[in-house]
Amino acid sequence: QQNREDILNASDKLTEVLEEANTLFNGVSRAREAVLDAQFLVLASDLGKEKAKQLRSDLNSFDMLRYVETLLTHMGVNPLEAEELIRDEDSSDFEFIVYDSWKISGKTAENTFNKTHTFHFLLGSIQGEFPVPKPRSDRPRKGPRTEEKKTMPDQLNEMEESHQEATEKEVERILGLLQTYFREDPDTPMSFFDFVVDPHSFPRTVENIFHVSFIIRDGFARIKLDQDRLPIIEPVNINEESEGNDPCSHGRKQGVISLSLQDWKNIVATFEISEAM
């Protein structure tokens, strides 16, 4: 506000002040500072309006009388004589000024406009003959599709058989390990978690539980709860099961258990499992 006169007199001073205000606005963080910026915007608008009023234009305004005199001179009419003839509209010379003079001006203006090209059809007359419709041939209808039995590729069959054989071999191997452990120390119960948990691999632990489930299902081993109500696993004697001594042989059940990654970590830490059986 104090430099108002300097800004109005200088040519680029207002632009410099606006750029400085834009730079300062990047650091605005308080409402009072934003109000000051708004007040400056109003003041800058007023200054711009006053500078616009100070602009001087040297353009000449349109002089209608001068244009008419020049036009009459081009038509070959003396402006002074034309003024007298216009007052007397009944004179025959007035018709000459009104009609024939405009023809002279029209011919002059005709050279500055492009003429319109004549219209031509691209492919002859627009009224042509309609094409002859082609005869419609009836296609034979297709019968109902018979669902063919899909055959499984040989390669997929081989992959499934090889996967099944690998699972059976792994189940037999785990059953042999279980029987070996109990043969060496039959009086010590084996914890189910110690038997299946791999402390270094969560996927391997899931695979071990999967393979042990086949052993339980087929009746080669059983899971019980010890005195602390923790699961233990032990092999089943076939002779005892055939004699009916196994109380679980007639009521064997199957279920689905869930084991998350956090559960696996908690089991490893709680039972202090350091190596996989």
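All chains use their own residue numbering, which begins from 1 and follows the written sequence. With pLDDT at 70 or above as the cut-off, local features in this predicted model cover only qualifying residues; side-chain atom pairs require 80 or more to be listed or tallied, and sums for whole chains, interfaces and linings still use all residues. Side-chain measures here rest on the full set of heavy atoms in the structure, leaving out hydrogens and waters.

With an unreviewed UniProt entry as reference, the protein is termed Non-structural maintenance of chromosomes element 4, source organism Mustela putorius furo. UniProt positions are given in the numbering used here, feature names are shortened, and annotations may be inferred rather than shown by experiment. Here is the UniProt Subunit (unreviewed entry) comment for the protein, exactly as written: "Component of the SMC5-SMC6 complex."

Here a pair means two rings of Phe, Tyr or Trp (six-membered ring of Trp) with centres within 6.5 Å. Their orientation is stacked below 30 degrees between planes, edge-to-face above 60, and tilted elsewhere. All chains considered together, the criterion is met by four aromatic pairs. Grouping aromatic residues by their ring pairs yields a cluster made of Phe192, Phe193 and Phe271.

As a further point, take the pattern of salt bridges. The salt bridge definition used is simple: a Lys or Arg side-chain nitrogen within 4 Å of an Asp or Glu carboxyl oxygen. Per the stated rule, a full pass over the model turns up seven salt bridges. A salt bridge links glutamate 170 to arginine 173, with the shortest nitrogen-to-oxygen separation between them at 2.6 Å. With a gap of three residues between them, glutamate 170 and arginine 173 both fall in helix α7 (residues 154-184), about one helical turn apart. Each residue is placed in one exposure class: buried if its accessible area under a 1.4 Å probe, protein chains only, is under 20% of its type's maximum, exposed if it is over 50%, and partly exposed if it falls in between. On the accessibility criterion, glutamate 170 (16% relative accessible area) is buried. For lysine 224, the salt bridge identified is with glutamate 234, shortest N-O distance 3.1 Å. One end of the pair, lysine 224, is in strand β2 (residues 221-225); the other, glutamate 234, is in strand β3 (residues 231-235), with 10 residues separating them in the sequence. When its relative accessible area of 16% is taken as the criterion, glutamate 234 is described as buried. The way it works is that DSSP assigns letters per residue, a run of H or I at least four long becomes a helix, a run of E at least two long becomes a strand, and they are numbered from the N terminus.

With phi around 60°, arginine 229 is a residue other than glycine that occupies positive phi space. You can see arginine 229 is positioned in the loop between β2 and β3. Using a relative accessible area of 63% as the deciding quantity, one classes arginine 229 as exposed. A positive phi angle is found at glutamate 272, which is not glycine, with a value near 55°. Tracing the sequence through the fold places glutamate 272 in the segment after α11 (261-270).

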